[in-house]
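Coordinate inspection notes
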Amino acid sequence: MSRVAIVTGGTRGIGAAISVGLKEAGYNVAANYAGNDEKANAFKDETGIPVYKWDVSDYQSCVDGIAKVEADLGPVEVLVNNAGITRDTMFHKMTPENWTDVINTNLTGLFNMTHPVWPGMRDRGFGRVINISSINGQKGQMGQVNYSSAKAGDLGFTKSLAQEGAAKGITVNAICPGYIGTEMVRAVPEKVLNERILPLIPVGRLGEPEEIARCVVFLASDDAGFITGSTISANGGQYFI
Ligand code: CAA
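Because the structure is predicted, anything quoted here is derived from the model rather than measured.

On to the site of the ligand. The environment of the ligand is formed by 22 residues, the closest being D88, S134, Q141, Y147 and Y179. Between an oxygen atom of the ligand and a side-chain N or O atom of Y147, the distance comes to 2.7 Å. Every element with two or more residues in the shell around the ligand is listed here: α6 (135–139), α8 (183–186) and α9 (190–197). A total of three residues in the shell around the ligand trace back to one element, the largest contributor, which is α9.

An order of β3-β2-β1-β4-β5-β6-β7 is seen for the seven strands of this open sheet, with the pairing classed as parallel. One side of each edge strand has no neighbouring strand; the edge strands of this open sheet are β3 (51–53) and β7 (231–234). Within the sheet, the average angular offset between the axes of one strand and its neighbour, ignoring direction, is 20°. Here strand β4 (residues 76–81) pairs with strand β5 (residues 127–132) via four bridges, running parallel. Each residue of the ladder has a partner; that of V80, found in β5, is I130.

Turning to the packing of helix α1 (residues 13–24) against helix α10 (residues 209–220), a few remarks are in order. Geometrically, a packed helix pair is captured by the angle between its two axes and the distance between the axes. Close contact between α1 and α10 brings their axes to 8 Å; oriented N to C, the two are set at 45°. Of the possible angle classes, the one that applies to α1 and α10 is oblique. Helix-helix and strand crossings are classified by hand; for α1 and α10 the assignment is right-handed. Each of G13, I14, A17, I18, G21 and L22 in α1 lies in contact with α10, whose residues at this interface are P209, E210, I212, A213, V216, V217 and A220. Partitioned by chemical class, the residues of the contact of α1 with α10 number ten nonpolar, two polar and one charged.

With that out of the way, let us pick up the nonpolar core. Formed by 27 residues in total, the largest nonpolar core has its most connected members in I18, L22, V80, I132, I175 and V216. Those elements that place two or more of their residues in this core are β1 (4–7), α1, β2 (28–33), α2 (37–47), β4, β5 and α10. Considering each element in turn, this core owes the most residues, six residues, to α10. Sequence-distant contacts of I132, defined by excluding residues within four places in its chain, comprise I18, V80, N81, N82, K151, D154, I175, P177, I212 and V216. One finds C62, L110, M121 and I170 within the second-largest nonpolar core, a separate group that totals 23 residues.

Below, the discussion takes up the environment of N194. Tracing the backbone shows N194 in helix α9. Taking the C-alpha atoms as reference, N194 lies 39 Å from G225; in sequence the two are 31 residues apart.

Moving on, we come to helix α3 (residues 59–73). The end-to-end C-alpha separation of α3 is 21 Å, in line with the 21 Å expected for 15 residues at 1.5 Å each. Taken residue by residue, α3 has C62, G65, I66 and V69 as its buried positions. Down the axis, α3 shows its buried residues gathered within 100° of arc, on one side only. In this structure, the buried side of α3 is in contact with β1, β2, β3, β4 and α5 (108–124). Phi turns positive one or two residues past the end of α3, at G74, with a value near 120°.

Enumeration according to the criterion identifies nine salt bridges in this entry. Note that R3 and D222 form a salt bridge whose closest N and O atoms lie 2.7 Å from each other. Highlighted residues: R3 in the segment before β1 and D222 in the loop between α10 and β7, separated in sequence by 219 residues. Accessibility expressed as a relative area gives 53% for D222, which makes it exposed. When salt bridges that share partners are traced, they join R3, E77 and D222 into one network.

This part takes up the environment of L79. Note that L79 resides in strand β4. L79 sits in the buried class, given a relative accessible area of 0%. Along the backbone, L79 and N28 are 51 residues apart, and their C-alpha atoms lie at a distance of 12 Å. Excluding residues within four positions of it along the chain, L79 makes contact with I6, M113, T114, V117, M121, R128, V129 and I130.

What counts as what
Residues numbered from 1 in each chain as written. Predicted model: local features only at pLDDT ≥ 70, side-chain atom pairs only at ≥ 80, totals over all residues. Heavy atoms only, no water. Near = heavy atom within 4 Å. Polar contact = N/O pair within 3.5 Å; in protein donor to acceptor, adjacent residues only side chain to side chain. Helix = DSSP H or I, 4+ residues; strand = E, 2+ residues; numbered from the N terminus. Pairing = 2+ DSSP bridges. Axes fitted to C-alpha atoms, helices over the stretch in contact; angles between N-to-C directions. Parallel < 35°, antiparallel > 145°, perpendicular 65-115°, else oblique. Left-handed = near helix turned anticlockwise from the far one by under 90°. Contact = heavy atoms within 4.5 Å. Nonpolar A, V, L, I, M, F, W, Y, C, P; charged D, E, K, R; others polar. Core = buried A, V, L, I, M, F, W, Y, C linked by side-chain atoms within 4.5 Å. Buried < 20%, exposed > 50% of the residue type's maximum accessible area, 1.4 Å probe, protein only. Expected span 1.5 Å × (residues − 1). Arc of directions from axis to C-beta. Salt bridge = Lys/Arg side-chain N within 4 Å of Asp/Glu carboxyl O.

Remember that the coordinates give geometry; whether it matters functionally is a separate question.
Below, the structure is given as structure tokens:
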């Protein structure tokens, strides 16, 4: 029987590619999204992947949303924490709201989503939690004190929870994408992208969302059972750690 996977932020950008990649690999996928009904419905029509709307920054919404997915599809065995937002601005202009919005979604969202599925994974003796962090959580990034802090926190979350899950058959890993050709990256001012970022990527191009999706499919597989607490950096050589 197909394993059930939830992908947060799974109807757009990297998340959409992950949802499709997992479906093609035989998973029964639920794609969560927070806001854009039009894009989510178009994604559902195009891919046949069911979509579920809730906000990962709200704990009770996650509990309720996961319960609905489990009632429809069965117990969640693979969780991909991909949902993320940016509120890029220099620190001296950053508002408290810019800070909390990003921390609540990009870091607390991992707690909110993983905590409700964790007891079931422990009971069944199997689980895969895959967290989409970022190159900017590893190296820092001007204009992203909020985002880089959250993404670095995602790596601490991954390494700590991996130690708790290991004896229960649950792996917890992170992927740090570099600059991938999505709406989020294309929102960076064109001059900055072309003059300050692209020249730093040795392979000479932005990444493709599918290049991240393939990492997720591997980490979700039975073949990756000995890999836990790890970080896969997929950034075109921009940063080594
Ligand atoms: N690297 C080096 N220099 C940069 C830079 C970068 N990534 N971003 C901006 N700068 C430079 C600018 O070129 C500019 O320098 P000059 O004055 O010499 O031209 C200076 O910093 C100030 O930049 P702005 O004039 O753009 O100032 P601003 O206040 O209008 O905006 C900013 C500042 C918000 C940081 C804006 O430049 C920006 O959005 N930069 C990109 C930040 C970024 O990389 N975000 C990643 C988004 S994608 C993502 O988050 C996905 C992921 O995980 C990788």
